[in-house]
Amino acid sequence: MNVLVTGSNGFIGKNLIVHLNELDIHVTTYTRENSIQDLPDLIKKADFIIHLAGENRPVDDKDFDTVNAGLTTSICESVHSVGRQIPIILASSVQATLDNAYGKSKLDAEMIVKRLESDTKNPVYIYRLPGVFGKWCKPDYNSVVATFCHNISHNLPIQVNNSSFELSLVYIDDVVEEFVRIIQGRQDNKKELSIQPEYKIKLGDLATQIEL
């Protein structure tokens, strides 16, 4: 099996690839160093696609559509042109339900892969990920857990604007295990895809727990 991983240099991608290598699953990658013209050849050789690539902190909000929706469109067009089924896992976000530029672009990406599935019966698995924490996650990027851990361990201040705000979090190893379950055909209920366990904690409690 050859698994194509987009966004392979990111936090989830790095953890996933290490685990896939441990299982002797061949991995090819698509990163920011690749061009969109590389996609057709990569997809022709793929047996499975895990689409992690995404933009979440662009300089211009238009980049949300360019990457989150545009790249997804290119992937689906390439899969369609191959003429065989190549299952796709899409890493979406819980923000797909929110009225912001990022959330809208993730919802657009979901609709694009769903259209491919409807038109071609190509299997699609969509995961709306909450906050993901764990090893190799960068501080001051998109993980409050990583930011708090880094700052507290370096005696730097942390900022808690709303201590009662409740976070939903999943651990990176559980995300990886769930994706591997899909690749290996061990997922029975395709209609209720989620990462378990999911942890709920208030922001203030999280800060206190890390400080301890």
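Our subject is the structure that appears above.
Report follows, based on the coordinates. (Residues numbered from 1 in each chain as written. Predicted model: local features only at pLDDT ≥ 70, side-chain atom pairs only at ≥ 80, totals over all residues. Heavy atoms only, no water.)

Attention now moves to the nonpolar core. In terms of nonpolar packing, the biggest core is built from 30 residues, with Ile12, Leu20, Ile50, Tyr127 and Phe179 touching the most fellow members. Elements with a contribution of two residues or more to this core: strand E1 (2-6), helix H1 (11-22), strand E3 (48-51), strand E4 (88-93), strand E5 (124-129) and helix H6 (172-183). Per-element accounting of this core gives the leading share, seven residues, to H6. Grouped together as the second largest cluster of nonpolar side chains are 22 residues, Ile49, Ala69, Leu71 and Ile126 included. (Core = buried A, V, L, I, M, F, W, Y, C linked by side-chain atoms within 4.5 Å. Buried < 20%, exposed > 50% of the residue type's maximum accessible area, 1.4 Å probe, protein only. Helix = DSSP H or I, 4+ residues; strand = E, 2+ residues; numbered from the N terminus.)

The grouping of Asp60, Asp61, Asp65 and Asp108 at the surface amounts to a negative patch. Assignment of secondary structure puts Asp60 in the loop between E3 and helix H3 (62-82). Given a relative accessible area of 36%, Asp60 falls into the partly exposed group. (Patch = residues over 30% accessible without salt bridge, like charges linked within 9 Å, V, L, I, M, F, W, Y side chains within 5 Å. Areas by Shrake-Rupley, 256 points an atom, 1.4 Å probe, with all protein chains shown as cover. Salt bridge = Lys/Arg side-chain N within 4 Å of Asp/Glu carboxyl O. Lys, Arg positive; Asp, Glu negative; His and termini not counted. Charge placed at Lys NZ, Arg CZ, Asp CG, Glu CD.)

The next subject is the pairing of strand E2 (residues 26-30). Across five bridges, the pairing between E1 and E2 is parallel. Looking at the pairing, Leu4 lines up with Thr28 of E2. As for the winding sense of the linkage, the β-α-β connection from E1 through H1 to E2 is right-handed. (Pairing = 2+ DSSP bridges. Right-handed = clockwise from strand over helix to strand, strands pointing away.)

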